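Residues per chain, in single letters:
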Amino acid sequence: MMKRLRNIGPGALVTAAFIGPGTVTACTLAGVNFGYALLWALVFATLATIVLQEMAARLGVVTQRGLGETLAELLDQTVWKWPLIVLVGVALYLGNAAYEAGNLSGAALGIAAIAGESDAVFSGSVVIIAGLAAALLLGGSYRLVERVLLMLVITMAASFIATFIIVRPDPGAMLTGMFAPSIPDGALLTVIALIGTTVVPYNLFLHSTAVRNKWSGPEDLGAVRTDTAVAIGIGGMIAILIVSTAAASLFAAGISAESAADLARQFEPLFGPYSKYMLGAGLFAAGLTSAITAPLATGYAMTEILQVKGGQSSLAFRMICLSVIVIGAGLSLTGIRPIEIIVTAQFANGLLLPVIAAFLLYVVNRKSVLGRHANGAIANIFGFGVVLIATGLGARSIILAAF
């Protein structure tokens, strides 16, 4: 077990991807507006992430192919090939563009928390961050930067843990929120955002590709599952701590969150007047890391689905990555409040999840692909349960919006 824990790898990449500005913002707003009532959504989202990411990782390590590549091969000789490729491609591409807008807005919000909140600071930050993300991706030097930024995000996470201990949230209310599901009036969008910020659809493509670089076959499945469960479990715990800290420090005091300065108030018990610098550095790091990861995963997925040769060095891969950044930056500069962009991006992820998860379930149930490692009854119960719940929440939100 200790050897497996020391080998934590691709699972940590998945966790770093979903613990971004969207997680900090969505979780803080959930705690500020609804107290502990929506903690159950994060419990569900964490378990759902572990279930789905295990399937994606199992696919990658057993077949040594990514999810996009496998889908393209399965559909190659069917009449459904292009309709389904277009459906998945458009859903993934547009969903990640919206998610990229949230990443860029979150990173810019971090700079604004330190430099002062103004339209000029925010807009300039978005342009600079988008340019930096593009340069790192096109230049291929993002790996070193990602390690540095990951350390900043870990520092922010440690701050939430310390603040959680200091503010002493109500354990009874926490347990009720975690295990007694309810959706208060006006909370449905937040519920879907919490799920969307944790169960990130593009991570399924990223994970299935990343495990191939670390493990070589079915004999490594034990290590893969430990890596997935431990890393994502820690990420889910961090998200729960953020909600609980906001509930104990802001919701209890009746303080709303409309800006980065408001979000920073939950750090005040620990950092006092320096709380805005802590939040600003963390949001910037989390946003830039995710701003690199989202177009990277889109590039991997789309080139695999379209069976483009050349991989990361191909022109198509680079243009896909760049276009996601450009569209995300454009959405960030629309004049909509940054917090609204971030939460809406998580909401879009929540709507996209059932589509991508359904395709994953289709693949991992094919014995022609995974042989004896294909899904069994228990895995399918959990997998289809996740899809049904996510679909139900998405359908309910659409119906409420229409009527």
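Residues numbered from 1 in each chain as written. Predicted model: local features only at pLDDT ≥ 70, side-chain atom pairs only at ≥ 80, totals over all residues. Heavy atoms only, no water.

Draft legend 1. Fine view of the nonpolar core. Counting 108 residues, the largest nonpolar core has Leu52 and Tyr202 as the members making the most contacts within it. Looking at this core element by element, the count peaks at 15 residues for helix 4 (residues 39–63). Those residues in contact with Leu52 that sit more than four places away from it in its chain are Val199, Leu204, Leu353, Ala357, Leu360 and Val386. (Core = buried A, V, L, I, M, F, W, Y, C linked by side-chain atoms within 4.5 Å. Buried < 20%, exposed > 50% of the residue type's maximum accessible area, 1.4 Å probe, protein only. Helix = DSSP H or I, 4+ residues; strand = E, 2+ residues; numbered from the N terminus. Contact = heavy atoms within 4.5 Å.)

Draft legend 2. Representation of the pattern of salt bridges in the model. Under the criterion given, the structure shown has five salt bridges. Here Arg58 and Glu54 are joined by a salt bridge, their closest N and O atoms 2.9 Å apart. In this pair, Arg58 and Glu54 are both assigned in helix 4, four residues apart and thus about one turn of the helix distant. On the basis of relative accessibility, which here comes to 4%, the residue Arg58 falls in the buried class. Assessed through its relative accessible area of 15%, Glu54 is described here as buried. A salt bridge links Glu69 to Arg212, with the nearest nitrogen and oxygen atoms 3.6 Å apart. Of the two residues, Glu69 sits in helix 5 (residues 67–75) while Arg212 sits in the loop between helix 11 (201–210) and helix 12 (221–251), which places them 143 residues apart along the sequence. Note on Arg212: relative accessible area 24%, which makes it partly exposed. Residues joined in a network through salt bridges with shared partners are Glu54, Arg58 and Arg225. (Salt bridge = Lys/Arg side-chain N within 4 Å of Asp/Glu carboxyl O.)

Draft legend 3. Structural context of helix 5. In terms of burial, helix 5 is a largely internal element, seven of the nine residues being buried. Residues of helix 5 that are buried: Leu67, Gly68, Thr70, Leu71, Ala72, Leu74 and Leu75.

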